[in-house]
Amino acid sequence: NPDNEILRKAALQDYVTFYESEIALRRAVLFPPFCDIAVLALSGPDEFALLEFANLLGEESRKDDQLLSLVHAHAPPDARVIRLGPFRQAVYKLNGKYRQRIVYKYKDNKASRAFLSELLVRSLKLAPQPISVEIDVNPAVI
């Protein structure tokens, strides 16, 4: 795609302009280095059970005031956690298991780490067998 701005800048080796453009975009949409990202990865052999569980977790983490209060009650305003998803993983089925993810954007501090820890603990407790739950903080690929 010769009209792609990033490809044009790469072809010209215009690193300064590329950086300025990319950093402005990342600031505007709150992406690293302006936030941290955690991905709650879910997988299981039953597609419909996995989707139901992913939706439950998405709602649970959004609506559960007790869980969200870990972030908001005694934390500075920059401890806000933004939830995105659930979404299908890029490779939706791998080794006979379907995969979903929920993405959390946050500012790394004590309150947000407590939130992520509690989120993982609660997710593991709620997960029906044989659904697995993992969390990846600042993954290389989202």
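The structure we're discussing is the one just above.
Rules behind the numbers
- Residues numbered from 1 in each chain as written.
- Predicted model: local features only at pLDDT ≥ 70, side-chain atom pairs only at ≥ 80, totals over all residues.
- Heavy atoms only, no water.
- Salt bridge = Lys/Arg side-chain N within 4 Å of Asp/Glu carboxyl O.
- Helix = DSSP H or I, 4+ residues; strand = E, 2+ residues; numbered from the N terminus.
- Buried < 20%, exposed > 50% of the residue type's maximum accessible area, 1.4 Å probe, protein only.
- Pairing = 2+ DSSP bridges.
- Axes fitted to C-alpha atoms, helices over the stretch in contact; angles between N-to-C directions.
- Polar contact = N/O pair within 3.5 Å; in protein donor to acceptor, adjacent residues only side chain to side chain.

## Brief notes about the pattern of salt bridges
Enumeration over the complete set of coordinates arrives at four salt bridges. Note that Glu47 and Arg88 form a salt bridge whose closest N and O atoms lie 3.7 Å from each other. Placement of Glu47 in helix α3 (residues 47-63) and of Arg88 in strand β2 (residues 82-94) is noted, with a sequence separation of 41 residues between them. In this structure, the salt-bridge partner of Arg113 is Asp108, at a minimum N-O distance of 2.9 Å. Judged by relative accessible area, which is 43%, Arg113 ranks as partly exposed. Given the relative accessible area of 41%, Asp108 is considered partly exposed.

## Here we look at the sheet that holds strand β4 (residues 132-137)
If you trace the four strands from one edge of the open sheet to the other, you get β2-β3-β1-β4, paired in antiparallel fashion. Looking along the sheet, the strands with just one partner apiece sit at the ends: β2 and β4. Across the sheet, the mean angle from the axis of one strand to that of its neighbour is 20°, orientation sign disregarded. Pairing analysis gives seven bridges linking β2 to strand β3 (residues 97-106), with the strands arranged antiparallel. What sits directly across from Phe87, in β3, is Arg101.

## So, helix α1 (residues 5-12)
The residue sitting at the N-terminus of α1 and contributing the capping side-chain oxygen is Asn4; that oxygen lies 2.8 Å from the backbone nitrogen of Ile6. Among the residues trailing α1, Gln13 stands out with phi positive, at a value near 55°.

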